[in-house]
Amino acid sequence: MALDQSVSRRRLLQLMGGAAAVGTLAACGGNSGSSSSSGGQLKVIGVGDQEAGLRKALDEYKKAHSDFDFNLSFAPADQVQTALRTQLAGGNAPDIHVVYPGNGSAMSMAQLSKANLLTDLSDQSWTQKIPTGFKGAFQNDGKTYIFSPGSSMLGAIYNKKAFATAGVEPPTTWSELLAVCEKLKAKGIVPIALGAQTPWITQLIPYALVPGTVYAKTPDFDDKMIAGQASFADSGWVDAMDKYLELQKKGFFNANPNGTTYEQATSLVGTGKAGMAVQVSAVLPAFRKASPSPDDLGMFPFPATDVAADNWIPGGVVVGIAISAKSKKADQARKFFEYCGQPDTLSAWAEAVACVPLYSDGEPKVDPVLKPFLPYLKDNKAVPFMDQRWPNAEVQPTHFAVVQELLGGKTTVQDALKKMDEAYRKTA
Amino acid sequence: MTTVTAAVGRGAAKATRRRGGIAPPWYFAAPALIVYALVMLYPAIAGAGSAFTDWSGVGDQRSFVGLENFKQLFSDDQAIGALRNTLFLTVAIVVVQNGIGLLLALGVHTTIKSRMALRVVFFAPVVVSPVMVSFLWKYVYNPAPDAGLNAALNAIGLGSLRQDWLGNPSLAIWSVAFTVIWQCAGYSMVIFLAGLEGVPQELHESAMVDGAGTVARFRHITWPLLAPAVTINVMLSTVGGLTLFTQIIAMTNGGPGYATDTLSTVLYKQAFVYGKFGYSTAVALVLAIFVAAVSFIQIGYLRSRETTA
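Residues numbered from 1 in each chain as written. Chains lettered and ligands numbered in written order. Predicted model: local features only at pLDDT ≥ 70, side-chain atom pairs only at ≥ 80, totals over all residues. Heavy atoms only, no water.

## Things to note about the overall build of chain A
In plain terms, the rule: Runs of H or I in DSSP of at least four residues are treated as helices and runs of E of at least two as strands, each being numbered from the N terminus. The quantity called the radius of gyration is restricted to C-alpha atoms. Its globule counterpart is 2.2 Å times the number of residues to the power 0.38. Burial classes: relative accessible area under 20% of the type maximum marks a residue as buried, over 50% as exposed, and values in between as partly exposed (1.4 Å probe, protein chains only). By definition in these notes, contact holds between two residues if any of their heavy atoms fall within 4.5 Å. Only the protein chains shown count as cover for residues, with accessible areas throughout obtained via the Shrake-Rupley method and a probe of 1.4 Å.
The secondary structure content of chain A amounts to 18 helices and 13 strands. For chain A, the C-alpha radius of gyration of 24 Å lies close to 22 Å, the compact-globule estimate for 428 residues. Across the 428 residues of chain A, 54% fall into the buried class. Partitioning the intrachain contacts of chain A with sequence separation of at least 6 by distance along the chain shows that 75% fall at a separation of at least 24. If you sum the accessible surface of chain A, you get close to 17700 Å²; carbon and sulfur atoms cover 53% of it.

Set out below in structure tokens:
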């Protein structure tokens, strides 16, 4: 009221003009600030899961190359997807950015390279050492577009103290797993922590089970799917989903998994309130942070069947990085990628994110908790993460949604898998 | 009260001056119009073309697909489910938020001593960012028995009412609606309050002399004269409900499953998660036309009600 009485129209316009001028100056300041910060710096954006390894590689490279500088930022996977796709669409993507191996997501190597948004890395020396089985994760039309330090194992991260309290050992068959869960539950420990409110968590238990229920019997299941000769709803996926629900019906998950987040589930295992969580080894650093001692945690392959020979494991190439096709500093970035592909750097990065290095001269140096998985790799009983061979970006989010519906009792296994089949048959 | 009365008085004075020929020249609006055209209109019109293509949102590859995206939209279970959720949320928000807003306004439009403090308290959630409010309520809705709302229910002996507030597909949409209403009821209250301040006291006094009770005075004096405030509140909450996005993404991401997806979250997911920018734009276009149509119909009806009042 006082303002209205004392401020004339002319004065108001003057004030507005002043405010506009301040705004303009502020905008100028912002622009110059950002341009100076990016001057000579490589802009790098990654997801939280890769921070430990990527930051280490960049720091080491900078130490050895005084003319190299970078501007690094991280964000959760969902946010990166939104922000990066907008930048890619606008033609102002960072020089180096996160990319998911294979196909199956809007930020995957196959989808982005098809849109000519990634730099071809095929002439880099490390690309010659990509194991044949992993080439599909790195290459599209025979050209390599992504660097990844290696493969992450998917299994159960367990709390050794909780297991000791219940007097149980890591199980090797499905029946043993149920018995272990029963004993943990009897001791008041949540057998399996599940944070299904966080969408990507919903897929982990099916991913842990289908290598045993699908791929051990039909190793070429993905090829049959592509050829239209197989479907989710008429395959071992039914068995895997039934087993998922069996775990829920027996009360082996924490109460209300659909309302529980990944962070809450991580904390449950870290503190020993829960016995285990089905997870990728790449998130071990987060679990260790949540635990009083990192040594409290171990990992074991999550058994899907009662036939030990059929218990294959999921082992997928971990999230990697690529160079934007529009980067003006592509030469610098390519040199950094060449450095990342060298055995020592690769090994250090892989160790930092608890994964098995892409290649190694001799015995691979891995985090000790991954040792139970190595025989499976040797015997070719590891299957890439399922989404990496799905033909479009719609199957994976459909999988997330139908699992939440299953856990919420809103759909049946058959209907859920039919929805995934429908999403699979849509064009890329 | 003084402030609003003075504002009404100023408005009347301004209108008189305008009638006297001192209306500001149209080009005073030009800077704002130019910015609006560049930032809102141009991108909206330029983007609308994508609705007729199969563009993925990145790269240059796109081909014209005619009305294919629109055909798909009307047979897409996810979009139809989202439309149902959107309408449910809109009706819940319009009715409950405005109902509570009106009650709050009537409550603080009295002579009780703490009325100013109460106005601030009820309006406070409005000034907090919706993302912050969503995270706060996500904490309150923690499904663990010893956390948030469940712990509070336990503490007062109502442990049997504990729920998985956001994880239960049948309950999640109610939880989201409650959060939105909790945050925005204060906004409706302020608009109703401004309307109440404009109701002449003499009308109430003469009605009292005629023996009219509280209910009769509200029905025959206050309610008809609140018509402009009702118009604004209903319009704003309808548009807010139809385009609800932030609270959903921050609290449930449309889940569990598709239980809380709205048209806005579907168009976001189609663009950024599924990589179907063309289809997403078609959803956006239909949503924009739908919101505009509903708004025009509403404003037509509510304005006519104002005239008769």
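## Brief notes about the overall build of chain B
A count of helical and extended segments in chain B gives 14 helices and zero strands. Overall, chain B shows an N-to-C arrangement of helices and strands of α-α-α-α-α-α-α-α-α-α-α-α-α-α. Across its three principal directions, the C-alpha atoms of chain B cover 70 × 65 × 30 Å. Buried residues in chain B amount to 41% of all 309 residues.

## A word on the UniProt feature "domain: ABC transmembrane type-1" (unreviewed entry) in chain B
Note the threshold: UniProt positions are given in the numbering used here, feature names are shortened, and annotations may be inferred rather than shown by experiment.
Feature annotation in UniProt places "domain: ABC transmembrane type-1" (unreviewed entry) on residues 83-298 of chain B, given in this structure's numbering. End C-alpha to end C-alpha, residues 83-298 of chain B measures 19 Å, and it is 72% helix and 0% strand.

## Examining the interface of chain B and chain A
Quick note on the threshold: Buried area is understood as the total, over both parts, of accessible area removed when two parts are fitted together, assessed with a 1.4 Å probe. Salt bridges are counted wherever a side-chain nitrogen of Lys or Arg sits within 4 Å of a carboxyl oxygen of Asp or Glu. In the analysis that follows, any N or O atom pair within 3.5 Å is treated as a polar contact, provided that within protein one partner can donate a hydrogen and the other can accept it, and provided that, for residues neighboring in sequence, both atoms belong to side chains.
Counting from both sides, the interface comprises 32 residues of chain B and, opposite them, 36 residues of chain A. Taken over both partners, the interface formed by chain B and chain A buries close to 2800 Å², and the fraction arising from carbon and sulfur atoms is 54%. Counting the surface chain B buries against chain A, the share from its top three residues, B:V58, B:Y258 and B:F272, is 22%. Counting across the chain B and chain A interface gives one salt bridge. Between B:K276 and A:E394 there is a salt bridge, with the nearest N and O atoms lying 2.8 Å from each other. Our count for the chain B to chain A interface comes out at eight residue pairs in polar contact (both at pLDDT 80 or more). For the side of chain B that touches chain A, the secondary-structure elements that each account for two or more residues are α1 (2-19) and α13 (263-272) of chain B.

## Observations regarding empty space enclosed by the protein
Residue and element names in this part refer to chain A. Worth spelling out the cut-off: In this analysis, the protein atoms alone were mapped onto a 1 Å grid. Cavities are point sets where a 1.4 Å probe fits without being able to get out; pockets are open sets with protein on both sides within 12 Å along at least five of seven lines; lining residues have an atom within 4 Å of a point. Grid points are joined across faces, edges and corners, and a volume is the space filled by probe spheres set on the points. Three categories are distinguished: nonpolar for Ala, Val, Leu, Ile, Met, Phe, Trp, Tyr, Cys and Pro, charged for Asp, Glu, Lys and Arg, and polar for the others, with Gly belonging to the last.
Under the counting rule described, the total for this entry stands at three cavities of 30 Å³ or more. Estimated volume of the largest cavity: approximately 50 Å³. Taken together, A193, L194, G195, I201, L204, Y262, A265, T266, A277, V278, Q279 and F287 form the lining of the largest cavity. When residues of the lining of the largest cavity are traced back to their parent elements, those giving at least two are α12 (262-270) and β8 (274-280). Residue composition of the lining of the largest cavity, grouped by class: nine nonpolar, three polar and no charged. Reported here for the second largest cavity is a volume of approximately 40 Å³.

## Let's talk about the UniProt feature "transmembrane region" (unreviewed entry) in chain B
Residue and element names in this part refer to chain B. On the UniProt side, "transmembrane region" (unreviewed entry) is annotated at positions that read residues 26-45, 87-108, 120-140, 171-196, 225-250 and 277-302 here. Helix makes up 80% of residues 26-45 and strand 0%, whereas the separation of the span's terminal C-alpha atoms amounts to 24 Å. Taken end to end, residues 171-196 is 96% helix and 0% strand, and its first and last C-alpha atoms sit 36 Å apart.

## Considerations on the pairing of strand β2 (residues 69-75) of chain A
Residue and element names in this part refer to chain A. How we decide: At least two DSSP bridges between two strands are needed for those strands to be called paired. Viewed with both strands pointing away, a crossover whose connecting path from the first strand over the helix to the second turns clockwise is right-handed.
As defined by bridge partners, strand β1 (residues 41-47) adjoins β2 across seven bridges and the pair is classed as parallel. Considered in β2, the bridge of I45 is made with S73. Tracing the backbone out of β1, into helix α3 (residues 51-64) and back to the parallel element β2 gives a crossover that is right-handed.

## Quick look at the packing of α3(A) against helix α15 (residues 343-352) of chain A
All names here are of chain A. Note the following rule: The convention used is that axes are lines fitted to C-alpha atoms, helices contributing only their stretch in contact, and that angles between N-to-C directions extend from 0 to 180 degrees. Comment on the angle field: the value is read as roughly parallel under 35 degrees, roughly antiparallel over 145, roughly perpendicular from 65 to 115, and oblique elsewhere. Crossing handedness follows the turn of the near helix against the far one: under a right angle anticlockwise gives a left-handed crossing, and clockwise gives a right-handed one.
Close contact between α3 and α15 brings their axes to 7 Å; oriented N to C, the two are set at 150°. Considering the angle they form, α3 stands roughly antiparallel to α15. The element α3 and its partner α15 pack so that their crossing is right-handed. Listed contacts from α15 to A52, G53, L54, K56 and A57 of α3 are T345, A348, W349 and A352. Looking at the contact of α3 with α15, its residues break down into six nonpolar, two polar and one charged.

## Quick word on the domain arrangement of chain A
Residues and elements named next belong to chain A. How we decide: Bear in mind that the domain bounds are from an automatic or database domain assignment.
Assigned domains of chain A: these are domain 1 (39-149 + 318-359) and domain 2 (154-316 + 380-425). Each of domain 1 and domain 2 has a C-alpha centre, and these two points are 28 Å apart. Residue-level contacts link 15 residues of domain 1 with 14 residues of domain 2. Interface area, domain 1 with domain 2, both sides summed: about 1100 Å², of which 51% is carbon and sulfur. In terms of surface lost to domain 2, no three residues of domain 1 exceed N103, G104 and A354, which account for 37% of the buried area on that side. Taken together, the connections running from domain 1 to domain 2 amount to four residue pairs in polar contact (both at pLDDT 80 or more).

## Description of the sheet that holds strand β11 (residues 320-323) of chain A
Residues and elements named next belong to chain A. Spatially, four strands are ordered β2-β1-β3-β11 in an open sheet, and the strand pairing comes out mixed. Two strands in the sheet have a free side with no partner beyond their single neighbour: β2 and β11. Across the sheet, the mean angle separating the axes of adjacent strands is 25° when strand polarity is ignored.

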